[in-house]
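# A closer look at the structure
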Amino acid sequence: MMTLLNTVTDTVSSTVDKLFFVHHGCYDGLKNLQKKVENVRLVDRLGARKPSCGTIYLTNTHLVFADEEQKHESWILHMHISSMERLQLTTAGFPLYIQCKTFQCITVLIPREKDCQEVHAILEKYSRAMRLEDLYAFTYQPSCDAFYQVAGWALYDTQTEYLRMEFPEKHWCISLINKNYEICDTYPKCVAVPRSATTPLLVGSSKFRSHGRLPVLCYYYKHNQATIMRCSQPLSGFSAHCLEDEQLLHCIRKTNPTHSSAPLCIVDTRPAVNSAVCRVTVTGSENANIYSDFKFVFLSIENIHVMRDSLHKLVEGMKYIAQ
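All residue numbers refer to position in the chain's written sequence, counted from 1. Where local features are concerned, this predicted model is filtered to residues with pLDDT of at least 70; where side-chain atom pairs are given and counted, the filter is 80 or more; whole-chain, interface and lining totals use all residues. Water and hydrogen atoms play no part in the side-chain values, which are based on all heavy atoms of the structure.

## Things to note about the overall build of the protein
- Helix and strand counts for the protein stand at 7 helices and 15 strands.
- In this scheme, a residue with accessible area under 20% of its type's maximum is buried, one over 50% is exposed, and one in between is partly exposed, where area comes from a 1.4 Å probe on protein chains only. In the protein, which comprises 323 residues, the proportion classed as buried is 39%.
- Pairs at least 24 apart in sequence give 56% of the contacts found in the protein among residues at least 6 apart.
- Carbon and sulfur atoms provide 56% of the accessible area of the protein, an area that totals close to 19300 Å². By definition, any uninterrupted DSSP run of H or I lasting at least four residues is a helix, any uninterrupted run of E lasting at least two residues is a strand, and each is numbered from the N terminus. In what follows, residue pairs with any heavy atoms lying within 4.5 Å of each other are defined as contacts. We get accessible surface area from the Shrake-Rupley algorithm with a probe of 1.4 Å; when it comes to residues, only the shown protein chains can shield them.

## What to know about the side chain of Thr-59
- By the secondary structure assignment, Thr-59 is in strand β4 (residues 52-59).
- Whenever a nitrogen or oxygen atom comes within 3.5 Å of another N or O atom, the pair is scored as a polar contact, on the condition that within protein one atom can donate a hydrogen and the other can accept it, and that pairs from neighbouring residues in sequence are kept only if both atoms are in side chains. A polar side-chain atom of Thr-59 sits 2.9 Å from the main-chain amide nitrogen of His-62.

## Considering the environment of Ile-183
- Along the chain, Ile-183 falls in the loop between β10 (172-175) and β11 (191-194).
- Between the C-alpha atom of Ile-183 and that of Ser-206, which follows or precedes it by 23 residues, the distance is 6.8 Å.
- Contact partners of Ile-183, with chain neighbours within four places excluded, come to Ile-177, Asn-178, Val-203, Ser-206, His-211, Gly-212 and Leu-214.

## Topic: the packing of helix α4 (residues 199-208) against helix α5 (residues 243-254)
- Lines fitted to C-alpha atoms define the axes, with helix axes restricted to the stretch in contact, and inter-axis angles between N-to-C directions lie between 0 and 180 degrees. Direction vectors running N to C along α4 and α5 enclose 115 degrees, while the axes themselves pass 8 Å from each other. Our pair here, α4 against α5, has a crossing hand that is left-handed. In contact with Pro-200, Leu-201, Leu-202, Gly-204, Ser-205 and Phe-208 of α4, α5 contributes Glu-244, Asp-245, Gln-247, Leu-248 and Cys-251.
- Residue composition of the contact of α4 with α5, grouped by class: 6 nonpolar, 3 polar and 2 charged. Should the near helix be turned counterclockwise from the far one by less than a right angle, the crossing is left-handed, whereas a clockwise turn marks it as right-handed. Charged residues are taken to be Asp, Glu, Lys and Arg, nonpolar residues to be Ala, Val, Leu, Ile, Met, Phe, Trp, Tyr, Cys and Pro, and polar residues to be all remaining types, Gly included.

## Some thoughts on the nonpolar core
- Residues belong to one nonpolar core when they are buried, are Ala, Val, Leu, Ile, Met, Phe, Trp, Tyr or Cys, and are joined through side-chain atoms within 4.5 Å. Core analysis: the biggest nonpolar cluster contains 26 residues, and Phe-167, Leu-217 and Leu-248 have the highest contact counts within it.
- Of all elements in the fold, only β10, β11, α4, β12 (216-221) and α5 reach the threshold of two or more residues within this core.
- Residue contributions to this core peak at 4 residues, all from α5.
- Discounting residues that sit within four places of it in the chain, Phe-167 has contacts with Tyr-162, Trp-172, Cys-173, Ile-174, Ala-192, Leu-217 and Tyr-220.
- Counting 22 residues, the second largest nonpolar core, distinct from the first, contains Met-84, Ile-106, Val-108 and Ile-110.

## Details of unusual backbone geometry
- Of note, the phi angle at Glu-166 is positive, near 60 degrees, even though the residue is not glycine.
- By secondary structure assignment, the location of Glu-166 is in the loop between α3 (158-164) and β10.
- Looking at Glu-166, the relative accessible area reads 48%, which means it is partly exposed.
- The backbone of Ser-300 shows a phi angle near 60 degrees, a positive value even though the residue is not glycine.
- Looking at the element boundaries, Ser-300 is found in the loop between β15 (294-298) and α7 (304-318).

## Structural notes on a nonpolar patch on the surface
- Exposure above 30% relative accessible area and the absence of a salt bridge qualify a residue for a patch, where like charges join within 9 Å and nonpolar side chains (Val, Leu, Ile, Met, Phe, Trp, Tyr) within 5 Å. Here a salt bridge means any side-chain nitrogen of Lys or Arg lying within 4 Å of a carboxyl oxygen belonging to Asp or Glu. Taken together, Val-267, Leu-299, Ile-301, Ile-304 and Met-307 make up a surface patch of nonpolar side chains, about 440 Å² in accessible area.
- Within the secondary structure layout, Leu-299 lies in the loop between β15 and α7.

## Examining the environment of Cys-278
- Mapped onto the elements of the fold, Cys-278 is located in the loop between α6 (272-277) and β15.
- With 41 residues separating them along the chain, Cys-278 and Gly-237 place their C-alpha atoms 7.5 Å apart.
- When neighbours within four sequence positions are excluded, Cys-278 is seen to be in contact with Gln-233, Arg-270, Thr-283 and Gly-284.

## Brief notes about the packing of aromatic side chains
- Ring pairs are drawn from Phe, Tyr and Trp, using the six-membered ring of Trp, whenever the two centres fall within 6.5 Å, and their geometry is named by plane angle: stacked under 30 degrees, edge-to-face over 60, tilted for the rest. Taken as a whole, this structure holds 2 aromatic pairs when the rule is applied.
- Plain terms: the ring middles of Tyr-162 and Phe-167 are 6.4 Å apart, the flat faces sit at 65 degrees to each other, and that makes the pair edge-to-face. A single burial state applies to Tyr-162 and to Phe-167, both of which are buried.
- For the ring pair Tyr-291 and Phe-294, a centre distance of 5.8 Å and an interplane angle of 65 degrees mean the geometry is edge-to-face. Both residues of the pair, Tyr-291 and Phe-294, count as buried.
- By the criterion adopted, a ring carries a charge over it if an Arg CZ or a Lys NZ lies within 6 Å of its centre and within 35 degrees of its normal. When the ring centre of Phe-294 is taken as origin, the NZ or CZ atom of Arg-253, which lies over that ring, is 5.7 Å away.

## Describing the confidence of the model for the protein
- Values of pLDDT, ranging from 0 to 100, describe the predictor's confidence in every residue of the model. Per-residue confidence for the protein averages 81 on the pLDDT scale, and 83% of its residues sit at or above 70.
- Mean pLDDT in the protein bottoms out at strand β1 (residues 2-7), which sits at 31, and peaks at β11, which reaches 95.
- Note that pLDDT drops below 50 for residues 1-26; the model gives that stretch 59 contacts with residues more than four away or on any other chain.

Set out below in structure tokens:
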């Protein structure tokens, strides 16, 4: 029997799934327990705690470490595990180094090699699902209590969020053009667009944008009617252009009557060089000659591969921070 007391910590040295609770008996009653290993030493390089000895419990969703005095638990969600490495044998046991996507890096010293191999295999299985159907969401059996079956589904409602912005209905409207996710499978069912934009205009723009991500409203500032729209890169290549997309951007500019004559600022997060290179693959950026009355700004953020390598170096450096 376990009683949930509190959910804690936003610090780098812990995961968002770390829970503290008072329990009666032992952890063997954890749901979907896959394996239990005793006399394990935990070294958390990012934490202030000294290495502690305890027991590892592996479920199909979490790795749980509980110290011997049962005063502290460390919970790591399997899907937060980025990489694992079995290190060389030490006098304290067989080390398994675990690096998480949340910047947490821990090393568990397991007494027996067989247990270390099995723990590694279980974590590999659940942290890197080979099929979508292998994810826990497809095997989870909710409580028969009606409350738990619907809890969480109404925490966020796109239409309610749009209404909370208090944008003027004279210039903006909520469109259900994507209600079946046919326009864009990564956009919500309803999107906020200029009221003057017709359905053919929206559809035409979506076909000109990568993955159908046409410009839609993300933020509205009611005091000066400024807006932030989001969209993907255009499929412009070297010379292609889309009349519907151009007209939609003009509709967006006209939604702010007080600044309708000011140039619309198009912000591209990539370096200008990367944007130019992408033209070879039929993508790229808006053609400045066609979008002549728009202002272009490049933020010079490198591509995902460079950013991932930078993050990897940051995490590697943090491994050697002193306790």
